Amino acid sequence: MGFNCGIVGLPNVGKSTLFNALTATAAAEAANYPFCTIEPNTGRVGVPDERLDKIAAIAGSAKIIPTQLEFVDIAGLVRGASKGEGLGNQFLGHIRSTDAIIHVLRCFEDDDITHVEGSVDPLRDLTTIETELLIADMESLERRVVSLEKKAKGNDPESKAILPIAQKVLAALQEGKPAKSVSVSKDEMHLYDQLQLITSKPILYACNVAESEAATGNAHTQKIFDYAKSQGAGAVIISAAIEAEVSTLTSAEDQQEYLESLGLKETGLRQIIREGYKLLNLLTFFTVGPKEARAWTVYQGDKAPQGAGAIHSDFERGFICAETIAYDDYIGCNGEAGAKTAGKLRQEGRDYLIKDGDIFHFRFNV
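So, how was this worked out
- Residues numbered from 1 in each chain as written.
- Predicted model: local features only at pLDDT ≥ 70, side-chain atom pairs only at ≥ 80, totals over all residues.
- Heavy atoms only, no water.
- Helix = DSSP H or I, 4+ residues; strand = E, 2+ residues; numbered from the N terminus.
- Buried < 20%, exposed > 50% of the residue type's maximum accessible area, 1.4 Å probe, protein only.
- Contact = heavy atoms within 4.5 Å.
- Areas by Shrake-Rupley, 256 points an atom, 1.4 Å probe, with all protein chains shown as cover.
- Polar contact = N/O pair within 3.5 Å; in protein donor to acceptor, adjacent residues only side chain to side chain.
- Core = buried A, V, L, I, M, F, W, Y, C linked by side-chain atoms within 4.5 Å.
- Patch = residues over 30% accessible without salt bridge, like charges linked within 9 Å, V, L, I, M, F, W, Y side chains within 5 Å.
- Salt bridge = Lys/Arg side-chain N within 4 Å of Asp/Glu carboxyl O.
- Lys, Arg positive; Asp, Glu negative; His and termini not counted.
- Charge placed at Lys NZ, Arg CZ, Asp CG, Glu CD.
- Phe/Tyr/Trp six-rings, centres within 6.5 Å; stacked < 30°, edge-to-face > 60°.
- Axes fitted to C-alpha atoms, helices over the stretch in contact; angles between N-to-C directions.
- Parallel < 35°, antiparallel > 145°, perpendicular 65-115°, else oblique.
- Nonpolar A, V, L, I, M, F, W, Y, C, P; charged D, E, K, R; others polar.
- Pairing = 2+ DSSP bridges.

**What to know about the overall build of the protein chain**
Stage number 1. In terms of regular secondary structure, the protein chain is built from 14 helices and 13 strands.
Stage number 2. Across the 366 residues in the protein chain, those meeting the buried criterion constitute 48%.
Stage number 3. In the protein chain, 68% of the contacts between residues at least 6 apart in sequence involve partners at least 24 apart.
Stage number 4. Summed over its atoms, the accessible surface of the protein chain is roughly 17500 Å², and 49% of this surface lies on carbon and sulfur atoms.

Here it is in structure tokens:
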């Protein structure tokens, strides 16, 4: 699996410019990591991972298949979106289906670009959007709870199980707290997830700054980083203008030289991917052979059978064992044969916790 991020923000904060720039950057980065447009507002990009290139070179893989990240550009939300203002609920619905939210905040001054609120204040903008998302969740859950109560009275077991969680979350929303503020046990998590609440999703704040402030940030970005830290959220400083320029450079050397001239080490796309993986507690494992080298994404805490299931449900159902080589051992031993000779190839069973960079060959029987 990959993951998908809904890009939200007020109008004229650089949200769609950033979407176009990120996807164009992806298209320009390398042939191994292509970008394709699924719909006009949705882009899918291969996640760059140097480890995948290295193991593919050792194995002589004919194809390299990265894991994928999907961006969904949600049309600009406005004050009153939860009540149907602007394009309102249509786009709130789109956000519900994403894994995480990238909230783009305008942190640059430019008299030529009108701000919908009349001035640049990213903390105010952040509060505006998050209030709309909270109200949308609250009104949705109020209707859901009424329905669940009726079904629970009729002894519907699923409704009886989920109702107490829905009521607990609704109480928090009514107090102005997001759904993610509610403590849910591991056993209850699958019921909580069924509520599909926007304010339960991880948030990455993307501070869109002028080109000259991309390396240093400014007073606006500092406020956002402080707020993000207080909320357990992530934050990055990026410049849509820089991403747009990088996307026009065809060679990796030219891109790197341009970034370094601005005091930067990497593109905004790579920052967002890295922070997104952190937010969602994701890790990557690999499969490799002469035909293809491929990256797969699972959650931290997933075990070997779940990794097998990421490839095909039959692999999980008939799981026998996972032949496993750590990434460093694969590189150090120059491939599978060397790792096997050095005793670095292990057979792991059902309880093995997947580690980032593991290289697997799954044995199964169905």
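**Concerning the side chain of Asp137**
Stage number 1. Along the chain, Asp137 falls in helix H4 (residues 122-153).
Stage number 2. Within the structure, the side chain of Asp137 is placed 2.7 Å from the backbone nitrogen of Thr199, a separation counted as a polar contact.
Stage number 3. Look past the residues within four positions of Asp137 in its chain and what remains in contact with it is Arg96, Leu173, Leu197, Ile198 and Thr199.

**Here's the deal with the nonpolar core**
Stage number 1. Of all hydrophobic cores here, the largest spans 52 residues; its most connected members are Leu69, Phe71, Ile102 and Tyr205.
Stage number 2. Once residues within four sequence positions are removed from consideration, Leu69 is found in contact with Phe3, Cys5, Gly43, Arg44, Val45, Val47 and Ile273.
Stage number 3. Leu141, Leu163, Ala172 and Ala179 belong to the second-largest nonpolar core, a separate cluster that totals 21 residues.

**With respect to the environment of Ile273**
Stage number 1. Here Ile273 is to be found in helix H10 (residues 268-279).
Stage number 2. On the accessibility criterion, Ile273 (7% relative accessible area) is buried.
Stage number 3. Sequence-wise, Ile273 and Phe3 are 270 residues apart; in three dimensions their C-alpha atoms are separated by 9.7 Å.

**Details of a negative patch on the surface**
Stage number 1. A contiguous patch of negative charge, built from Glu253, Asp254, Glu257 and Glu260, is present on the exposed surface.
Stage number 2. Locating Glu257 in the fold gives a position in helix H9 (residues 252-261).
Stage number 3. The exposure class assigned to Glu257 is exposed, which follows from its relative accessible area of 57%.

**What about the packing of aromatic side chains?**
Stage number 1. On inspection of all chains with the given rule, the structure shows eight aromatic pairs.
Stage number 2. Pairing Phe285 with Phe362 gives two aromatic rings, centres 6.0 Å apart and planes at 85°, and the pair type is edge-to-face. Of this pair, Phe285 sits in strand E9 (residues 282-288) while Phe362 is found in strand E13 (residues 359-364), placing the two residues 77 residues apart along the sequence.
Stage number 3. Given the relative accessible area of 0%, Phe285 is considered buried.
Stage number 4. Taken together, the ring pairs connect Phe285, Trp296, Phe319, Tyr352, Phe360 and Phe362 into an aromatic cluster.

**Details of the pattern of salt bridges**
Stage number 1. Evaluation of the coordinates by the stated rule reveals 13 salt bridges.
Stage number 2. Put simply, Glu266 and Arg274 hold a salt bridge, and the shortest N to O gap is 2.5 Å.
Stage number 3. Under the relative-accessibility criterion, Glu266 is labelled partly exposed at 24%.
Stage number 4. Among the residues examined, Arg274 registers a relative accessible area of 38% and is labelled partly exposed.

**Some thoughts on unusual backbone geometry**
Stage number 1. Despite not being glycine, Gln196 has its phi angle at roughly 50°, a positive value.
Stage number 2. If you trace the backbone, Gln196 turns up in the loop between helix H6 (189-193) and strand E7 (203-208).
Stage number 3. The class of Gln196 is partly exposed, set by a relative accessible area of 48%.
Stage number 4. Phi angles above zero are rare outside glycine, and Asn281 is one such case at about 55°.
Stage number 5. Tracing the sequence through the fold places Asn281 in the loop between H10 and E9.
Stage number 6. On the basis of relative accessible area, Asn281 is assigned to the partly exposed category, the value being 42%.

**Re the side chain of Arg106**
Stage number 1. Tracing the backbone shows Arg106 in strand E6 (residues 100-106).
Stage number 2. Residue class for Arg106 comes out buried when judged on its relative accessible area of 1%.
Stage number 3. Here the side chain of Arg106 touches Phe108 through a polar contact of 3.1 Å, landing on its backbone oxygen.

**Quick notes on the packing of H4 against helix H7 (residues 219-231)**
Stage number 1. For the pair H4 and H7, interaxial distance at closest approach is 9 Å and the crossing angle is 45°. The orientation of H4 with respect to H7, classified from their angle, is oblique. Two secondary-structure elements touch here, H4 through Pro122, Leu123, Leu126 and Glu130 and H7 through His220, Lys223, Ile224 and Tyr227.
Stage number 2. Among the residues forming the contact of H4 with H7, the class breakdown is five nonpolar, one polar and two charged.

**Description of the pairing of E6**
Stage number 1. Extensive coverage of E6 is indicated by the burial of seven of its seven residues.
Stage number 2. Going residue by residue along E6, you find Ala100, Ile102, Val104 and Arg106 tucked away on one face and Ile101, His103 and Leu105 tucked away on the opposite face as well.
Stage number 3. Pairing between strand E1 (residues 3-8) and E6: four bridges, direction parallel. Bridging across to E6, Cys5 finds its partner in Ala100.
Stage number 4. Alignment of E6 against E7, held across six bridges, turns out to be parallel. Note that in E7 the partner of Ile101 across the bridge is Ile203.

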